[in-house]
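Understanding the architecture of this molecule
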Protein chains: 2
Amino acid sequence: MRSVGKSRAAAPDSEGTALVSPWPARKTTRRNRDIKREAVVRAAARAFNARGYHNTSIDEIAAALNVSKPTIYYYVANKEQLLLECILAGLERVLEPFRRPREAGVTARGHLNEMMRHYAEAIASEYGWCMVRAEDLGLAPSSLLHIKRLKSEIDQGIRRLLEEGVRDGSIRTEDLKMTSFALAGALNWIAHWYRENQSMTPREIADAFIRIFNLGLAPRPAAKPSGRAPARKEPIT
Amino acid sequence: MRSVGKSRAAAPDSEGTALVSPWPARKTTRRNRDIKREAVVRAAARAFNARGYHNTSIDEIAAALNVSKPTIYYYVANKEQLLLECILAGLERVLEPFRRPREAGVTARGHLNEMMRHYAEAIASEYGWCMVRAEDLGLAPSSLLHIKRLKSEIDQGIRRLLEEGVRDGSIRTEDLKMTSFALAGALNWIAHWYRENQSMTPREIADAFIRIFNLGLAPRPAAKPSGRAPARKEPIT
């Protein structure tokens, strides 16, 4: 540093002097903007849950946040974009476990269980309502295509985990597609019966589902003294 | 018979003569009416599937049946009643196995499997679309209450079967409510992915789901020579 005593609010100079701007740092602005944008999307999701998408106006969302309508339009172009953002926020949460590498020592079934917990949390959140109604709310074809791609990514992610589980011995299944559909169906349907005042947390629901799907409803036969492995394919009646 | 040669279309007399009326028998009329009414409800269901409930007019349903609009109004009062009838037709089909006594020698799990086949057939039928959207289509509170009662009857029926299965040894489950919700969720979601051109029949889907739910995804351990029964509660990770 060659000089001291300069105004600390002066324009940046080439001398490396630490300047303090009365405006927040760009990073802080971006973070604040993200926080506010998320609050807008979350408020929209809650309003859609309460009154339905078509019966909700931008005015009501603004009122819930105690801001003006133009403030909402600063973050999103229109109500349809808000709906899309709600759906994407939920789907991205489900996808998160598929997008990171599996931890060392965790079987495919362990990873699948973790995915089910994320899925249950997303679908029981305020985003669940619109996630399961995505196809029925009149979104533009390009938005529907985007959603369809993410849903397909989830389905493919589940099937891949099932396949890996069959290979590493942690999962038994004969039908990857039907198993993926049964899992996703049970999880998606949570959005239809779960309300915030439910007695169980999303984590508890996920753990109950994990237990049901892993152990199955057929009693496991007691081990036989002969040591012969039981037949893998049980007749269905 | 005391007389012959009388007009066979004469008014009924007290002599036991078999009369043939040019009008169809009341029973036949009732049956024809039921068949036509069902065709109207089915056509409505298909139109709702194709274009959505709010975008479908009574005119379009009439056109699909090649009849006039007043013909439709002869069977139902309005479009809302048509929607309600579609939903009820589906729900009644699911409920059917709960309303008849179980056949001798069939376990509760056998009965539950049978119920799942009915459920899959109902939800993959043209009624499935509106069955899973019942709450979102703006039905009158009295209609919603009717639907809610039938859905609750289905849920209670599943839980009762699970309970009976635990007693007769054909089912293992620790959580009747979550098991009922997982089963119904997987089955309901069929309406979102099934299309008539799917490669599997509803029966095949039901059987795949029965297998998944009965056997579970965790490999069953090979029987141990010690003859000790395996622990019933497996840790979930």
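What counts and how
- Residues numbered from 1 in each chain as written.
- Chains lettered and ligands numbered in written order.
- Predicted model: local features only at pLDDT ≥ 70, side-chain atom pairs only at ≥ 80, totals over all residues.
- Heavy atoms only, no water.
- Helix = DSSP H or I, 4+ residues; strand = E, 2+ residues; numbered from the N terminus.
- Buried < 20%, exposed > 50% of the residue type's maximum accessible area, 1.4 Å probe, protein only.
- Contact = heavy atoms within 4.5 Å.
- Areas by Shrake-Rupley, 256 points an atom, 1.4 Å probe, with all protein chains shown as cover.
- Core = buried A, V, L, I, M, F, W, Y, C linked by side-chain atoms within 4.5 Å.
- Phe/Tyr/Trp six-rings, centres within 6.5 Å; stacked < 30°, edge-to-face > 60°.
- Axes fitted to C-alpha atoms, helices over the stretch in contact; angles between N-to-C directions.
- Parallel < 35°, antiparallel > 145°, perpendicular 65-115°, else oblique.
- Left-handed = near helix turned anticlockwise from the far one by under 90°.
- Nonpolar A, V, L, I, M, F, W, Y, C, P; charged D, E, K, R; others polar.
- Expected span 1.5 Å × (residues − 1).
- 1 Å grid on protein atoms, 1.4 Å probe; cavity = no way out; pocket = protein on both sides within 12 Å on 5 of 7 lines; lining within 4 Å.
- Points joined across faces, edges and corners; volume = space filled by probe spheres on them.
- Salt bridge = Lys/Arg side-chain N within 4 Å of Asp/Glu carboxyl O.
- Polar contact = N/O pair within 3.5 Å; in protein donor to acceptor, adjacent residues only side chain to side chain.
- Disulfide = S-S within 2.5 Å.
- Patch = residues over 30% accessible without salt bridge, like charges linked within 9 Å, V, L, I, M, F, W, Y side chains within 5 Å.
- Lys, Arg positive; Asp, Glu negative; His and termini not counted.
- Charge placed at Lys NZ, Arg CZ, Asp CG, Glu CD.
- pLDDT = per-residue confidence, 0-100.

**Describing the overall build of chain A**
Broken down by element type, chain A carries 10 helices and zero strands. Listing the helices and strands of chain A from first to last along the sequence gives α-α-α-α-α-α-α-α-α-α. Taking all 237 residues of chain A together, 44% fall into the buried category. For chain A, the proportion of contacts with a sequence separation of at least 24, taken over those separated by at least 6, is 63%. Put simply, chain A shows about 12800 Å² of open surface, and 53% of that area lies on carbon and sulfur atoms.

**A word on the nonpolar core**
L82, I190 and F209 of chain A together with L82, I190 and F209 of chain B are the most contacted members of the largest nonpolar core, which totals 138 residues. Residues in contact with I190 of chain A, not counting those within four places in the same chain, are A120, I123, A124, I205 and F209 of chain A.

**Focus: the packing of aromatic side chains**
All names here are of chain A. All told, the structure shown has nine aromatic pairs over all chains when counted by the stated rule. Seen from their ring centres, F48 and Y53 are 5.1 Å apart, and the 80° between their planes marks the pair as edge-to-face. Exposure class is identical for F48 and Y53. Each is buried. Measuring from centroid to centroid gives 6.3 Å for W193 and Y194, while their planes differ by 75°, and the two rings are edge-to-face.

**Topic: the packing of helix α5 (residues 108-124) of chain A against helix α10 (residues 202-215) of chain A**
Residues and elements named next belong to chain A. Packing of α5 against α10 brings their axes to within 8 Å, and their N-to-C directions diverge by 140°. The angle between α5 and α10 places the two elements in the oblique class. Remark: the crossing between α5 and α10 carries right-handed chirality. Together, R109, N113, M116, R117, A120, E121 and A124 of α5 and P202, R203, A206, D207, F209, I210, F213 and N214 of α10 make up the contact between the two elements. Broken down by class, the residue content of the contact of α5 with α10 amounts to eight nonpolar, two polar and five charged.

**Overview of helix α7 (residues 141-168) of chain B**
Residue and element names in this part refer to chain B. Under the 1.5 Å per step criterion, the end-to-end length of α7 is 40 Å for 28 residues, consistent within 8% with the ideal 40 Å. Along α7, the positions that sit buried rather than exposed are S143, I147, L150, I154, D155, G157, I158, L161, L162 and G165. One or two steps after α7, the chain reaches G169, where phi turns positive at roughly 80°.

**Remarks on empty space enclosed by the protein**
Empty space among the atoms can be located by rolling a probe the size of a water molecule over them. Here the structure, examined in full by the defined rule, presents one cavity of 30 Å³ or more. Empty space within the largest cavity amounts to approximately 30 Å³. Every residue lining the largest cavity is listed: V132, R133, D136 and H192 of chain A together with V132, R133, D136 and H192 of chain B. Tallied by class, the residues present in the lining of the largest cavity amount to two nonpolar, two polar and four charged.

**What to know about the pattern of salt bridges**
Residue and element names in this part refer to chain A. Scanning the model with the defined rule gives 34 salt bridges over all chains in all. E126 is the salt-bridge partner of R46, the closest N and O atoms lying 2.7 Å from each other. In this pair, R46 is assigned in helix α1 (residues 26-51) and E126 in the loop between α5 and α6 (128-131), connecting sequence segments 80 residues apart. Sharing partners across several salt bridges, the network here consists of E38, R42, R46 and E126.

**Some thoughts on unusual backbone geometry**
Here N66 of chain A, not a glycine, exhibits a phi torsion of approximately 65°, which is positive. Within the element layout of this structure, N66 of chain A appears in the loop between α2 (58-65) and α3 (69-75).

**A few points about helix α8 (residues 176-188) of chain A**
Residue and element names in this part refer to chain A. Here α8 is 13 residues long and its end C-alpha atoms lie 18 Å apart, about the 18 Å a rise of 1.5 Å per residue gives. Within the sequence span of α8, burial applies to M178, T179, S180, F181, A182, L183, A184, G185, A186, L187 and N188. With a side-chain oxygen lying 3.3 Å from the backbone nitrogen of K177, the N-terminal cap of α8 falls on D175.

**Section: the side chain of R133 of chain B**
Mapped onto the elements of the fold, R133 of chain B is located in the loop between α6 (128-131) and α7. Here D136 of chain A takes part through its side chain, which lies 2.7 Å from a polar atom of the side chain of R133 of chain B.

**Focus on the environment of D155 of chain B**
Summarising the element assignment, D155 of chain B is placed in helix α7. With residues near it in sequence (within four places) discarded, D155 of chain B still touches S180 and F181 of chain B.

**So, the state of the cysteines**
All names here are of chain A. In total, this model carries zero disulfides over all chains according to the counting rule given. No disulfide involves C86; its sulfur sits 4.5 Å from that of C130, the nearest cysteine. A relative accessible area of 0% means that C86 is categorised as buried.

**Quick notes on a positive patch on the surface**
Residues and elements named next belong to chain A. Judged by side-chain charge, R26, K27, R30 and R31 come together as a positively charged surface patch. By the secondary structure assignment, K27 is in helix α1. Assessed through its relative accessible area of 60%, K27 is described here as exposed.

**Quick notes on the environment of W189 of chain A**
Position of W189 of chain A relative to the elements: it lies in the loop between α8 and α9 (190-193). Taking the C-alpha atoms as reference points, W189 of chain A and R133 of chain A, 56 residues apart in sequence, are found 11 Å from one another. Excluding residues within four positions of it along the chain, W189 of chain A makes contact with V132, G185, N188 and W189 of chain B.

**Describing the confidence of the model for chain A**
Residues and elements named next belong to chain A. Per-residue pLDDT for chain A averages 87, and the proportion of residues at 70 or more is 85%. In this model, residues 1-11 is a region of pLDDT below 50 whose contacts with residues beyond four sequence positions or in other chains number 11 contacts. Of the regions scoring below 50 in pLDDT, residues 226-232 engages in nine contacts with residues more than four places distant in sequence or in other chains. With a pTM of 0.83, the predicted complex shows an ipTM of 0.83.

**So, the packing of helix α4 (residues 79-95) of chain B against α7 of chain B**
All names here are of chain B. Relative orientation of the contacting elements α4 and α7 amounts to 10°, with a least axis distance of 10 Å. The orientation of α4 with respect to α7, classified from their angle, is roughly parallel. Contacts from E80, L84, I87, L88, L91, E92, V94 and L95 in α4 reach S143, H146, I147, L150, K151, E153 and I154 in α7. For the contact of α4 with α7, a count of residues per class yields nine nonpolar, two polar and four charged.

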